[in-house]
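So you can see what is in the structure, the chains are spelled out below.
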Amino acid sequence: MKYLTKNTDRKFIFGMIIPSMAFIAVLIFTPAFRGVIMAFQNYSMFDLSDTSFNNFQNFRSLFEDEDFYVALGNTFIWVFVSLLFQFILGFWLALLLKKPFRGRGIITGLVFYPWAVSGFVIGLMWRWIFNGSSGVLNDILMRIGLISSPIGFLSDPAYALPSAIAANIWYGVPFFAIMILAALQSVPQNLYEAAEIDGATAVKKFWNVTIPYIKPTIINTTLIRFLWIMNFPDIIYAMTNGGPAGTSHILSSLMIEKIYQTYDFGMGSAVGVVIIAILSVYTLVYLKITGSKNVGDF
Amino acid sequence: MKKLLIFVTCLLVTGMIFFGKTNLTMVETITSPSRTELLKTFISEFEALHPDIAVELISPPYESADQKLSLMLNTNQKVDVLEVRDHTIKQFVNNKKLLNLEEYLKSWNEWSDMVNLTHEAASYVDNTPYFIPYGFFVKALFYRKDMLDEMGIEVPKTMEELYLAAKKFTESKSNQYGFDWRGPGEIGFTDTWMMSYVPDIDPKYGYLTTDGKVYFESPEALAAFKDWIKLFKDACPPDSISWGWSEQVNGFVSGLTPFLWQDPDTVPICVERLGSEGKFAVAPLPIGPSGKTFQQYGFAGWGVASYSEHPKEAWELVKFLSTKDINIRFSKSNGTLPIGNSAWEDEFFNQGYYLGWKAMFDDPEHYVFIKIPFDKKEWGPYLTKHRDDLQKVILGRMTPEEALNRWAETWKNAF
Amino acid sequence: MKRKILTFLRFFSIAIFVFTALAPLYWIFVTSVKGPTETYSFPVSYWPKEFTWDNYIFLFKSMNFGQFLANSLFVSLGGATIALLLASLSGYVISRKRFRFKSLVIFIMFLTQMIPGFIIMTPLYTMFGSVRIGSASLVNSLSVLILIYTSMMIPFSVIMMKGFFDRIPDSLEEAARIDGCSNIGALFRVIIPVTLPGLAATFSFAFVNCWNELFLAIMFINSESKKTIPVGLNTFIGKADIDWGAMSAGSIMALIPTIFIFAFAQKYIVQGLTQGAVKE
């Protein structure tokens, strides 16, 4: 950072940041603030005649509800397992695609497309593929003789959440592949050359050159995906709707259920507030642990 | 004469320019591409009859439509005519979004031609006619005629026969089952099943017995519930516990489960996929051990927004949509049961699939219509609770007694 | 020999990735060219017995799908472009300048990503619904949808653009300054052209997100003529059935523009950060 802040610079900085901040302030934070307030109100669409503040009643009934704790536990499984596999597979894919080969462009386009499918279509598509009686996956598994009777992927509590996670991994691998591939391309060749002179093996080069260089990308992509995956109910909502018996709910799908099925916006917002709280704490801790000072360094 | 004509025309034209056309906004919520198409036809016929009124139809996708309508109403967006459903009517009334149609009904002759159920449904909330139903969702037993004939199985007439027939079909090794879970509205099956075991259900309140107790507390309800679990374990695809309606209908159409417990609006879908060559038919619901079957009915119809700036024109549209001719055409295509006596005289509803429903309507001794508490605030949360509890019972995570207790608790304080 | 095994393993892995990505797409396509009876028949068939384009014809003849495509293009291009423009301004400043609330600004960008969409939706609708122009409110407008999409896409675009600017050597900018460029002049004449690949990458992410946005589009759009693709696809989910044929055909149609954009952008994404690879 070579330029000191001068007066003209200050105006310039201000002018460049204000438009973005104004958009966010008006169209995200204002409604979000109103939504957070709702979490403390008796706000049910069923009867809006009394929307007074209800002394944390929404949170109290939420914390008394055992399904909430199931959803809370599932949320962490959902986020960490999805994230782990999306990251590892995405990294692997990026490494595979790093060196040019014939047809790389087409192949890259093809493996990236799942990211372009909309969330609810993915959910519905996998719900259909995973169907326990007439689903195509069971059909294939039975044809190859891996199983003798169909598996209830979405109806067996042991399989429901893992199935949704599998669909989510399928969807999320391309994001990491794209971001990491881009970062890999930016590692200066002379660093590798220097390492080679020192007689480093491929594995050593990977750990000592590649990883440190793309570390900011890794830290930031995993952070932002953590936030996104936690707030991504589309797949679970369409695939299992939290079932059977609430065993595959995550917080954000529970939130949809409160809003869509019981019209209780107060309760729904309360779940939302819990999500925001968890994510804020997570982000701060994560940044502390990874020692990342430069948030946003991709 | 000619002068008069010119004068009238001039008057009309000035009038039109002066007042302009009245614009009505109508919102439908049980949407499907084919139904939207049909409604548009009706609307253009209406506009032809009333050249001074223009109607805009809003058709949000089904899954989010009620939510959207609710948001529109609560923020007083321009809505004149709206679709009112059994589970949304109380909410709309609570928030004072529906116009009381009493005055308008007085001058409408056709109102007296309606079947009793229509009058009852219209005044479901606060004994006030807040909307005009366009049709009813009444469960019946769909069965695959071809499959039953092949197996030589008679159409079940009692709940026990249904169990036996479904069990006969079931051969899990070859992925063949008899019956299935009724999707997100499983309550529409378990309630009917369980109530039909209890002799003294109060038709006025559905969930109560005549001595004012919640029916889940009666010993018959427990026996019924255990039989229901047996039915599920012995004759339903285990996977169906997580099915939605689309999977349920697919299961029926593909022959996976030859019996289907569904609403009449499923008929057009089955006809489309199975053809109308008699591969399937519809029978009255089987009768329970108490000798009766307690029929619940769902309904939907058209209402006028309380804050509409054109209530008269809006009423004209509602009235138009509820006339015999339109309602018959609507019912034939949409599948819902029509609202008028004279509609029921139409040949279409006296043959084929509709005989199943006709038979139930004509037999009040065995088929008793009960009121389901759609209008209680407990209803919405109860639906999710009920579904989750049922699933827990099937998965062995809750005993039937516990589940019944939980449901009884919910309704004890509600009435 | 070892090398050969490695090469084989590499291409074998790539093949598995391609297969896993494509298998569901294949299934959607096969479903889209089956007739209604075959779609629901069991056991499933992996190639249609009777091949038909009926579902596609239905989309464009009865469903107005062409209009939906045009609307989606409009809002996605609009939202992504405005967001990208504003985000590159902010991202540039955050990357290059030192100022007091910098880390706060960055944290705010992350904070927006923590807020669940459903908590925002109702208040946002109420906000726009209560602004009246005559008797009509601000809902049911594609332009309003663009504004909302823009605000949703800004934070991530800012974060990404900052990353791209970070990798451009300061020396490049100094040179421009010596030539007498102003702040903005340096940005537009020197920095932006070098960042083009980064812009392409950010744009494609923002575009895809707008393209697939469903819930806000359902709430905010009333008229048939203003519906977007995801809303159109969602109408195939009815009360008691899902029209898989039309839904699959629609999904394939919806994928074409996004795949096109990805194929176009992937070149830049791969190149993206090589530009100015020397980080100072």
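Now for a description of the structure that goes with this document. Predicted model, so just to flag it, every value in this text is computed and none were measured.

Rules behind the numbers
- Residues numbered from 1 in each chain as written.
- Chains lettered and ligands numbered in written order.
- Predicted model: local features only at pLDDT ≥ 70, side-chain atom pairs only at ≥ 80, totals over all residues.
- Buried ≥ 20, exposed ≤ 12 C-beta atoms within 10 Å, placed from the backbone.
- Helix = DSSP H or I, 4+ residues; strand = E, 2+ residues; numbered from the N terminus.
- Contact = placed C-beta atoms within 7 Å.
- Nonpolar A, V, L, I, M, F, W, Y, C, P; charged D, E, K, R; others polar.
- Pairing = 2+ DSSP bridges.
- Right-handed = clockwise from strand over helix to strand, strands pointing away.
- Expected span 1.5 Å × (residues − 1).
- Axes fitted to C-alpha atoms, helices over the stretch in contact; angles between N-to-C directions.
- Parallel < 35°, antiparallel > 145°, perpendicular 65-115°, else oblique.
- Left-handed = near helix turned anticlockwise from the far one by under 90°.

**A few points about helix H11 (residues 251-260) of chain A**
- Across the 10 residues of H11 of chain A, 9 count as buried, placing the element largely inside the fold.
- Buried within H11 of chain A are the following residues: Leu-251, Ser-252, Ser-253, Leu-254, Met-255, Ile-256, Glu-257, Lys-258 and Ile-259 of chain A.
- Here the buried face of H11 of chain A lies against helix H3 (66-98), helix H9 (202-230), helix H10 (234-239) and helix H12 (265-290) of chain A, helix H17 (379-394) of chain B together with helix H6 (117-130) of chain C.

**Comments concerning the interface of chain B and chain A**
- With 27 residues of chain B at the interface, the matching set in chain A holds 24 residues.
- Elements represented by at least two residues in the side of chain B that touches chain A include exactly helix H3 (62-74), helix H4 (89-94), helix H11 (245-253) and H17 of chain B.
- With 7 residues, the single largest contributor to the side of chain B that touches chain A is H17 of chain B.
- The class makeup of the residues in the side of chain B that touches chain A is 7 nonpolar, 14 polar and 6 charged.

**Here's the deal with the interface of chain A and chain C**
- Across the boundary between the two partners, chain A contributes 72 residues, which contact 81 residues of chain C.
- Per element, the largest residue contribution to the side of chain A that touches chain C is 15 residues, and it comes from helix H1 (residues 7-38) of chain A.
- Residue classes in the side of chain A that touches chain C are distributed as 48 nonpolar, 19 polar and 5 charged.

**Concerning the pairing of strand S1 (residues 22-27) of chain B**
Residue and element names in this part refer to chain B.
- Alignment of S1 against strand S2 (residues 53-58), held across 6 bridges, turns out to be parallel. Residue pairing across strands places Asn-23 opposite Ala-54, the latter belonging to S2.
- The handedness of the S1 to S2 crossover, carried by helix H2 (residues 33-49), is right-handed.
- With 2 bridges joining them, S1 and strand S3 (residues 81-85) adopt parallel strand pairing. Residue pairing in the sheet places Met-26 in a bridge with Val-81 of S3.

**A short note on H6 of chain C**
All names here are of chain C.
- Between its first and last C-alpha atoms H6 spans 20 Å; for 14 residues at 1.5 Å apiece the expected length is 20 Å, and the two agree.
- For H6, the buried fraction is high: 11 of the 14 residues fall into the buried class.
- Of all the residues in H6, the buried ones are Gly-117, Phe-118, Ile-119, Ile-120, Met-121, Thr-122, Pro-123, Leu-124, Tyr-125, Phe-128 and Gly-129.

**Concerning the sheet that holds strand S6 (residues 259-262) of chain B**
Residue and element names in this part refer to chain B.
- Sheet architecture is open: 3 strands sit in the order S6-S5-S7, paired in antiparallel fashion. Two strands in the sheet have a free side with no partner beyond their single neighbour: S6 and strand S7 (280-283). The sheet shows a mean angle of 25 degrees between the axes of neighbouring strands, direction not considered.
- Sheet topology places strand S5 (residues 140-144) next to S6; 4 bridges connect them, and they run antiparallel. Counterpart to Leu-141 in the pairing with S6 is Trp-261.

**Quick notes on the environment of Ala-71 of chain A**
All names here are of chain A.
- Along the polypeptide, Ala-71 turns up in helix H3.
- Judged by C-beta crowding, with 26 C-beta atoms within 10 Å, Ala-71 ranks as buried.
- Taking the C-alpha atoms as reference points, Ala-71 and Met-239, separated by 168 residues in sequence, lie 16 Å from one another.
- In contact with Ala-71, not counting residues within four places along its chain, are His-249, Ile-250, Leu-251 and Leu-254.

**Describing unusual backbone geometry**
- A cis amide bond links Gly-243 of chain A with the next residue in sequence, Pro-244 of chain A, at an omega value of -10 degrees.
- On the secondary structure map, Pro-244 of chain A appears in the loop between H10 and H11.
- At Tyr-263 of chain A, a residue that is not glycine, the phi angle is positive and equals roughly 60 degrees.
- Take Tyr-263 of chain A: it is sitting in the loop between H11 and H12.
- The backbone phi angle of Lys-96 of chain B is positive, close to 55 degrees, even though this residue is not glycine.
- Examined against the element boundaries, Lys-96 of chain B turns out to sit in the loop between H4 and helix H5 (102-106).

**Thoughts on the packing of helix H4 (residues 104-112) of chain A against helix H1 (residues 2-32) of chain C**
- Across the interface, H4 of chain A lies against H1 of chain C with an axial gap of 8 Å and an inter-helix angle of 45 degrees. Taken together, H4 of chain A and H1 of chain C sit at an angle that is classed as oblique. Crossing angle aside, the handedness with which H4 of chain A passes H1 of chain C is left-handed. Contact with H4 of chain A, carried on its side by Ile-107, Leu-110 and Val-111 of chain A, involves Ile-14, Phe-17, Val-18, Ala-21 and Leu-22 of chain C of H1 of chain C and no other residues of that element.

Interpretation in functional terms is not warranted from these geometric data alone.
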